[in-house]
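# Structural characterization, general
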Amino acid sequence: MRFTHLLKGCRPEPLGRYLQGLGVLRLVGEQADIDATGHWTDTAFLLTACLSQDELIEFFLDRYAPTPMVAPWNKGSGLRRGSKSKAAEQAVEAAETSTQVRFKDLRAAIVVARHILADYPDNESFEAAKEQIITRARSEMPDSALACIDAAVAVTGSGPVYPHILGTGFNLGRLDLTANLLLHLNEALGFRDPRDPLSRSWLMDALYGTEVVPKVKASTGQYDPGHAGGMNASTLDGGPSLVNPWAFILQLEGALVFASGVARRLGSSRNNVAAMPFTVRTTASGAAHLSEQETTKGELWLPLWSVPATATEVRRLFSEARLRWGGSTATRGVDAARAVTTLGVDRGVVAFSRHVIAERLGQNPLAVPSGRVPVRLRRRVGLTGALDGWLRRLRRIGNPPGAIRTELRAIDEAIMAAAIGGDESSTADFQAMLDAIAALESHVRSNQALRDEIPPAPLLDASSWVPLLDDQTLEFAVARSVASADEPAGDPRCRASDNSRFNTVWRPSIRDYLRGTEGRRALKWAIGPSVEVDVERSVVDALCTIHVAHATNARRVDGVAGAVTVMADASWLPREAIEAFAAGLLDDRRLGRLVRFLALLSPGLPEANRPQRHVDDQPHLNAVIPAWRLLAPVFHAQTRSGITVPLAPDRGWPSALARGAVESVVRGSLNRIRSGLGPTKALDPKAVARGVDGKRLAAALLLTPSPRTLNNLVDSLIVDARLRPEEETA
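The structure displayed is predicted, hence computed values, not measured ones.

### Some thoughts on the overall build of the protein chain
In terms of regular secondary structure, the protein chain is built from 30 helices and 20 strands. Across the protein chain, contacts joining residues at least 24 apart in sequence account for 73% of those joining residues at least 6 apart. When the accessible surface of the protein chain is summed, it comes to about 30100 Å², and 49% of that surface belongs to carbon and sulfur atoms.

### Quick notes on the nonpolar core
Grouped together as the largest cluster of nonpolar side chains are 213 residues, with contacts concentrated most on Val-28, Phe-60, Leu-166, Leu-207, Trp-246, Leu-323 and Phe-581. In this structure Trp-246 touches Phe-60, Leu-61, Tyr-64, Ala-188, Leu-189, Ser-199, Trp-202, Leu-203 and Ala-206, once residues within four positions along its chain are discounted.

### What to know about the environment of Asp-412
Turning to its location among the elements, Asp-412 is positioned in helix H16 (residues 402-420). Exposure remark for Asp-412: the relative accessible area of 8% places this residue in the buried category. For the pair Asp-412 and Asp-335, spaced 77 residues apart in sequence, the C-alpha separation works out to 9.5 Å.

### A few points about the pattern of salt bridges
The final tally for this structure, using the stated rule, is 36 salt bridges. A salt bridge links Glu-13 to Arg-372; the nearest nitrogen and oxygen atoms lie 2.6 Å apart. Here Arg-372 lies in strand E16 (residues 364-374) and Glu-13 lies in the loop between strand E1 (3-7) and helix H1 (15-31), a separation of 359 residues in the sequence. Taking relative accessible area as the criterion, Glu-13 reaches 21% and is therefore assigned partly exposed. Between Arg-575 and Glu-576 there is a salt bridge, with its nearest N and O atoms 3.7 Å apart. Among the charged side chains, a network of salt bridges with common partners joins Arg-26, Glu-30, Glu-253 and Arg-315.

### Let's talk about the packing of aromatic side chains
One pass over the full model with this rule turns up 14 aromatic pairs. Aromatic side chains Trp-40 and Trp-305 sit 6.2 Å apart centroid to centroid with 80 degrees between the ring planes, which places their arrangement in the edge-to-face category. Residue Trp-40 is found in strand E2 (residues 37-40), and its partner Trp-305 is found in strand E11 (residues 296-305); the two are separated by 265 residues along the sequence. Trp-305 shares its class with Trp-40; the two are buried.

### A word on the pairing of strand E3 (residues 45-49)
Most of E3 is tucked away, with five of its five residues classed as buried. Going residue by residue along E3, you find Phe-45, Leu-47 and Ala-49 tucked away on one face and Leu-46 and Thr-48 tucked away on the opposite face as well. Inspection of the sheet shows E1 paired to E3 by five bridges, in the antiparallel sense. Bridging across to E3, Leu-7 finds its partner in Phe-45. Where E2 meets E3, four bridges bridge the pair, whose relative direction is antiparallel.

### A word on helix H24 (residues 588-598)
For H24, every residue scored as buried is listed here: Leu-591, Gly-592, Leu-594, Val-595, Arg-596, Phe-597 and Leu-598. Here the buried face of H24 lies against helix H17 (427-445), helix H19 (462-469), helix H20 (474-484), helix H21 (510-515), helix H22 (539-553) and helix H23 (575-582). Where H24 begins, the capping side chain belongs to Asp-587, and its oxygen is found 3.2 Å from the backbone nitrogen of Arg-589.

### Let's talk about the sheet that holds E2
Hydrogen bonds between backbone atoms are what pair the strands of a sheet, whose relative direction is either parallel or antiparallel. Ordered in space as E1-E3-E2-E12, the four strands form an open sheet in which the pairing is antiparallel. In this open sheet, the two strands that pair with only one neighbour each are E1 and strand E12 (309-310).

### Re the side chain of Arg-696
Here Arg-696 shows up in helix H29 (residues 694-700). Polar contacts involving the side chain of Arg-696 include one to the side chain of Asp-588, which spans 2.5 Å. Discounting chain neighbours no more than four positions away, the residues touching Arg-696 are Val-540, Phe-581, Ala-582, Ala-583, Gly-584 and Asp-588.

### Quick word on helix H10 (residues 245-255)
One turn of an α-helix holds 3.6 residues; hence residues three or four places apart share an orientation. With eleven of eleven residues buried, H10 is to be regarded as a mostly interior element. For H10, the set of buried residues is Pro-245, Trp-246, Ala-247, Phe-248, Ile-249, Leu-250, Gln-251, Leu-252, Glu-253, Gly-254 and Ala-255.

### Remarks on the packing of helix H25 (residues 626-635) against helix H27 (residues 662-677)
Remark: H25 packs on H27, axes separated minimally by 9 Å, with the N-to-C direction vectors making an angle of 55 degrees. Relative to H27, the element H25 is oriented oblique. Remark: the crossing between H25 and H27 carries left-handed chirality. Packed against H25, whose contacting residues are Leu-630, Leu-631, Val-634 and Phe-635, the element H27 presents Val-665, Val-666, Ser-669, Leu-670, Arg-672 and Ile-673 at the interface. A breakdown of the residues in the contact of H25 with H27 according to their chemical character gives eight nonpolar, one polar and one charged.

### Overview of the confidence of the model for the protein chain
Here the protein chain shows a mean pLDDT of 84. Residues at 70 or above account for 83%. Across residues 231-238, where pLDDT falls below 50, the model places five contacts with residues more than four positions away in sequence or in other chains. Note on residues 722-730: pLDDT under 50 across the span, and 19 contacts to partners over four residues away in sequence or across chains.

Rules behind the numbers
- Residues numbered from 1 in each chain as written.
- Predicted model: local features only at pLDDT ≥ 70, side-chain atom pairs only at ≥ 80, totals over all residues.
- Heavy atoms only, no water.
- Helix = DSSP H or I, 4+ residues; strand = E, 2+ residues; numbered from the N terminus.
- Contact = heavy atoms within 4.5 Å.
- Areas by Shrake-Rupley, 256 points an atom, 1.4 Å probe, with all protein chains shown as cover.
- Core = buried A, V, L, I, M, F, W, Y, C linked by side-chain atoms within 4.5 Å.
- Buried < 20%, exposed > 50% of the residue type's maximum accessible area, 1.4 Å probe, protein only.
- Salt bridge = Lys/Arg side-chain N within 4 Å of Asp/Glu carboxyl O.
- Phe/Tyr/Trp six-rings, centres within 6.5 Å; stacked < 30°, edge-to-face > 60°.
- Pairing = 2+ DSSP bridges.
- Polar contact = N/O pair within 3.5 Å; in protein donor to acceptor, adjacent residues only side chain to side chain.
- Axes fitted to C-alpha atoms, helices over the stretch in contact; angles between N-to-C directions.
- Parallel < 35°, antiparallel > 145°, perpendicular 65-115°, else oblique.
- Left-handed = near helix turned anticlockwise from the far one by under 90°.
- Nonpolar A, V, L, I, M, F, W, Y, C, P; charged D, E, K, R; others polar.
- pLDDT = per-residue confidence, 0-100.

Encoded structure:
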């Protein structure tokens, strides 16, 4: 017959309660019922075994044989006579002289440890030989003690490595875990004297959480921050640290499950932190209790599985410790979050309990619970991997400027929010992510030493990213149109400028002006003088400056003196959106921010994905700008049947607009339309130009209207409408 135990004393948080669940399953599986299984619920650990509740309690009280945990390399272990800790020495002596069969492995380990330490009688030789003592312990200790050594320390070519789960080799600040374990074993089981009368109640509380029982004054270590004591631990100053002896025993027994992963993985890994099972370097993002300046040792991402598993299967889970991102084991907290949301974990694991090991209460570490992350597929989070290589290069910089550190943290926060925040990643998370990337690239661009070492950020696939970033606002549509504009390629009406230097010099796109780059796919920093623009400070000034610079470098059009080509392949915009911008009705500050980070995307956009916006339900955004309506067909090189002269702007027109000479540009455009299309309706250039901001108009003329809009604008200007083309589907 099998019994199911709801162990409410063993919970996913804090760390100590989680380890208790592992300890119960490991001990029952190894010493009482090899077929025992366990799994997690939201609030407890479910154990299924052939033991009833009374039999389970009897097993731990009368038959449980503690795993021999001794640490001869630690001063406070109590193994060296004459040490400062008399209580630890007395606990070791009590265990060593016990006659109970259940302690035979513990006695054997103590004998070997004392034999090793006999070769290092004084403090000086002991300190110098610490690594040697660890190596000897690993080779001379009885087999029953190997799991504890493997979980606590591993000797590599670069020295000892300590898995965070057991501090620095069973040492947490001034707390020696092995010495305290012996003290609590003596209280709970009794080495020579009868066990404490409260032992059964402590055990019931540790397993089932049903007993209200006094605890003993002792350190909890890093495992239970809520009972760690210290300042603000109670209404009185300096509340004491309280421990349930059985809880302490079971959590250390559970920590030994990590041994299988440590020994297996440290041998081949160059990153010791990542080699420890489910352990990564700290990412402060997503942990509201951490400050940027707080010292941390790492993070534990502890798996929660919902399918019953035996102790052997759980050991295998920790041995493989599958937490993969980008084709390799996750090394940072943000990578672990992305691994969880892209299914880079073992089947059966339904969530991870995240714990950040922070140094508090002096130098003592505390494993602070930092939330639970469910395993669920979020395909969009996988897109963030395209930036990892570039970000790794920045993180390798020694002592980076403060601005770089700030933006790297902002990027981590945005990625973490996209991975684990809410039911679904929000547009704001991805916008914040790219905004920080754009700011980071700007800092690199302005620092010559960094420019020499770090290239521009890679172009991101627009077809994948635009749906994640699109917040359905006119500002986004306008910003996307600006950022997606590219240099026209293969236009048969165009040839290189008469100025021979334009035959060899790269003609930048708007993206290149915004980012200071050159190239189409593999970007590099532009060489030589470039136009400096600050699109966040003033989007109008920046776009006007870009328009003037582009016209200066543009290719000329055959058949029209002074005429030059314009940029192409941009996202089309409805007329209302462009005129709303030209009238100053949009949020320029937000628009500048959007333009800056949308320039990180690849140029152009498949027609099916072109964002469309309408202002029918936003009458306050309706505007009529006659100057734009007249100039747009010319500045966007409108073509149609019956045209005799190509419509194209003069090279100097954007500069004239920037100077405020709107009327002269209006006159020139009217003349060009009349030359190509015939008579226009009666228009007064002075009236058309009156009150128009030339810089804003020049910026608006960079925005791309649809071919249908351009045709309609031409129809509204010319007298003879017989030139109307065949119906289009713009």
